[in-house]
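Here is how the chains run, residue by residue.
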Amino acid sequence: MPLTADDFTLFYGKDREARRLDLLNAFSQELHDLADACDPATFGVDQKDVYDEAYRKAGKLDAQHFALNFSPERTGLIDVLRNELLVEGRTATTHEGGALGLRERQDDGTRECTFDPAALLEQSCGPAIAHVAFYSDIDHEVMPIRSGYRVTITYNLTLRTTPVTFKGTYAPGAAQRLDVPPRGGNLLFCLRHQYPLPTSYKDSCHAQEALQGLASYLKSSDALVLDVVQSLALDVSLKIVYQQPTQYGGTIYIMCDRAAPLDEHDKIENLYMHLAECANSQLLSGSTEGFWKDDSVVDVHWIYATPGGVNSTKTSFMAYGNEATLAHTYWKVSVFVCIGIAGNRATALVS
């Protein structure tokens, strides 16, 4: 992104002796002084924050200790990245190495790409920054810096308003042409991204409202799924789908209309029965236990992978059998869609 030279003026300091630094024309000693003013920056390894100079020597300055003329709002960067959750901009300091490796875990493998800001900035004809944006559930790693100083500014963005919806061109009556049986049916999309959702609420109504409230904050392809099915006038709602292994070596899938407070109970003898009592659960087709009655199972067509796949949320609870043991279940926020009979596919209620 092209900028003006004034955007690269940095003021920093932790006391009254603040310093001024021109990042476009910084000398090595000036960058060394900036590095000395930084606090040690930890990084994540095995779900822990660690600091290891043998692996990566990095420092950080919190927002109260620096001021930069660059403004994401004024330059238009915030508009480009409005739907993203984390943004990192790299300034034009000379260095070698320090590329950013990104890995997205998917059920059919891993997608990888490399963001090399040093190489990108070499191609710019004037003052510019290189920027990258990715969701917080994307694995990322900074490669070793072979020489020089790599200066970045990082923003953690929190969505506070309803995002711009996707505007598709869905023809009237498109729902009638859906490739589903004449008698209608149900679709289930286990969403690709993770979403924060507490399990403790004042009552069940608040728990249900919290889940449905996520509809305004879905990410990228998840938001597109919801937008499409709503545009087709189909009955759609957000659900929690749990995946639970059983003592017989099978798997059951349980759909609930709220997140269940599993960690608040001393012992749970049967997860399905427990969820039926506290979260209005329904057993889904695809469960591999053979003793469930047919009329207790909701028949669904699985569009995306089951909850045990990538970006699932793991919840632990105390299970009671012959003795108390620590058990685990995986769950995902999912989009549940009801499709009507042939000739009357639309199922959404008209308000």
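All figures in this text were calculated on a predicted structure; none of them were measured in a lab. (Residues numbered from 1 in each chain as written. Predicted model: local features only at pLDDT ≥ 70, side-chain atom pairs only at ≥ 80, totals over all residues. Heavy atoms only, no water.)

### Regarding the overall build of the protein
Each helix and strand in the protein was counted, giving 7 helices and 23 strands. Taking all 351 residues of the protein together, 38% fall into the buried category. A separation of at least 24 residues holds for 68% of the contacts in the protein among residues at least 6 apart in sequence. Of the accessible surface of the protein, which amounts to about 20500 Å², a share of 50% is contributed by carbon and sulfur atoms. (Helix = DSSP H or I, 4+ residues; strand = E, 2+ residues; numbered from the N terminus. Buried < 20%, exposed > 50% of the residue type's maximum accessible area, 1.4 Å probe, protein only. Contact = heavy atoms within 4.5 Å. Areas by Shrake-Rupley, 256 points an atom, 1.4 Å probe, with all protein chains shown as cover.)

### Some points on the nonpolar core
Within the largest apolar cluster, 40 residues are counted, with the highest numbers of intra-cluster contacts made by Phe 189, Tyr 242, Ile 254, Leu 275, Val 335 and Val 337. Contributing elements (two or more residues each) for this core: β16 (185-190), α6 (220-231), β17 (235-245), β18 (251-256), α7 (271-278), β22 (313-320) and β23 (324-339). In terms of residues, this core owes the most to one element, β23, which gives 6 residues. In this view, Leu 275 contacts Tyr 242, Ile 254, Cys 256, Ala 260, Leu 262, Asn 280 and Ser 281; residues no more than four positions away in its chain are not counted. In terms of nonpolar packing, the next biggest core, distinct from the first, is built from 15 residues, Phe 8, Leu 10, Leu 61 and Leu 68 among them. (Core = buried A, V, L, I, M, F, W, Y, C linked by side-chain atoms within 4.5 Å.)

### Here we look at the pattern of salt bridges
This structure, assessed with the given rule, holds 5 salt bridges. We note a salt bridge from Asp 39 to Lys 14, for which the minimum N-O separation is 2.6 Å. Note that Asp 39 is positioned in strand β3 (residues 39-40) and Lys 14 in the loop between β1 (9-12) and β2 (19-22), a separation of 25 residues in sequence. You can call Asp 39 partly exposed: its relative accessible area is 26%. Of the residues examined, Lys 14 reaches a relative accessible area of 44% and is grouped as partly exposed. The shortest N-O distance in the salt bridge between Arg 103 and Glu 141 comes to 3.8 Å. With Arg 103 in strand β10 (residues 100-106) and Glu 141 in strand β13 (residues 139-142), this pair connects stretches of sequence that are 38 residues apart. Look at Glu 141 and you get partly exposed, because its relative accessible area is 26%. (Salt bridge = Lys/Arg side-chain N within 4 Å of Asp/Glu carboxyl O.)

### A look at unusual backbone geometry
Notably, Ala 233 is not glycine yet its phi reads approximately 60°, a positive angle. Mapped onto the elements of the fold, Ala 233 is located in the loop between α6 and β17.

### Let's talk about the side chain of Ser 281
Mapped onto the elements of the fold, Ser 281 is located in the loop between α7 and β19 (282-284). When its relative accessible area of 11% is taken as the criterion, Ser 281 is described as buried. A distance of 3.0 Å separates a polar side-chain atom of Ser 281 from the backbone nitrogen of Ala 276. Ignoring anything within four residues of it in the chain, the contact list for Ser 281 reads Ile 254, Met 255, Cys 256, Tyr 272, Leu 275 and Ala 276. (Polar contact = N/O pair within 3.5 Å; in protein donor to acceptor, adjacent residues only side chain to side chain.)

### Considering the packing of aromatic side chains
On inspection of all chains with the given rule, the structure shows 2 aromatic pairs. Relative to Trp 331, the ring of Tyr 242 lies with its centre 6.5 Å away and its plane at 50°, an arrangement referred to as tilted. Remark: Trp 331 occurs in strand β23 and Tyr 242 occurs in strand β17; sequence separation between them is 89 residues. By relative accessible area, which is 1% here, Tyr 242 ends up buried. Across from the ring centre of Tyr 195, 5.2 Å away, lies the NZ or CZ of Lys 219, which sits over that ring. (Phe/Tyr/Trp six-rings, centres within 6.5 Å; stacked < 30°, edge-to-face > 60°. Lys NZ or Arg CZ within 6 Å of the ring centre and 35° of its normal.)

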